[in-house]
Amino acid sequence: NNGYSFLAKSEYILKKDNKKILEEIGIKVYFSGNEKFSEGDKIKLYGRLIKPETLRNPGGFNENDYYRIKNIEYKMFSDNAVKTGEKTDIEIILRKFNKKVSQVYDNIFPKDEAALMKAMIVGDKTDLSFHTKDIFSRTGIYHIVAVSGLHIHILAFIVLFLAERIHKKYGKIFAIFFVIIYCVF
């Protein structure tokens, strides 16, 4: 069974004696179940929380310090989880939107052109080749890639914020539609 890992923040922890601990903590989850989760999913995990190991050998890897820097207090190995809902804050919505836009570009453009479109429209420069980055940098126009994606994010955030104030239910739909139209034209 191919497992995967992800970071989770707890809303609460339920102990064996059914006592709830209302505490938000960072948890590195190593999951071996068949379910697939996406960013923003609310899930109920079953497993035992384990404190990361401290340094045992001088000069060796200190798992506890490594996780603490990343705001992770526990790790958990689990093969049982249930999706219970979905988080709907603006940041998650924009990330999901960016992923969908990126997938569209990946499907309709060749690799290099898709990478450039993703960099300029959603600010995702991870797929830009070294050669492309070098050309943009040497010609002094690399800022176009960085600024364009940033502007789209800022615009999307402002439109979504205002649209949700006007109409809670249809605000998100309007904001997504507006940003798509903006990007296309």
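Structural data are supplied above this passage.
Residues numbered from 1 in each chain as written. Predicted model: local features only at pLDDT ≥ 70, side-chain atom pairs only at ≥ 80, totals over all residues. Heavy atoms only, no water.

Observations regarding the pattern of salt bridges
Thinking step 1. All told, the structure shown has seven salt bridges when counted by the stated rule.
Thinking step 2. One salt bridge connects Asp-41 with Lys-83, and the closest N-O pair in it is separated by 3.3 Å. Within this pair, whereas Asp-41 is found in strand 5 (residues 41-50), its partner Lys-83 is found in strand 6 (residues 74-86), the two being separated by 42 residues in sequence.
Thinking step 3. Judged by relative accessible area, which is 44%, Lys-83 ranks as partly exposed.
Thinking step 4. Residue Arg-68 is joined to Asp-65 by a salt bridge in which the shortest nitrogen-to-oxygen separation is 3.0 Å. Taken together, the positions of Arg-68 and Asp-65, both in helix 1 (residues 63-69) and three residues apart, correspond to about one turn of that helix.
Thinking step 5. Judged by its relative accessible area of 51%, Arg-68 falls in the exposed class.
Thinking step 6. Here the salt bridges do not stand alone but share partners, grouping Asp-41, Lys-83 and Glu-86 into one network. (Salt bridge = Lys/Arg side-chain N within 4 Å of Asp/Glu carboxyl O. Helix = DSSP H or I, 4+ residues; strand = E, 2+ residues; numbered from the N terminus. Buried < 20%, exposed > 50% of the residue type's maximum accessible area, 1.4 Å probe, protein only.)

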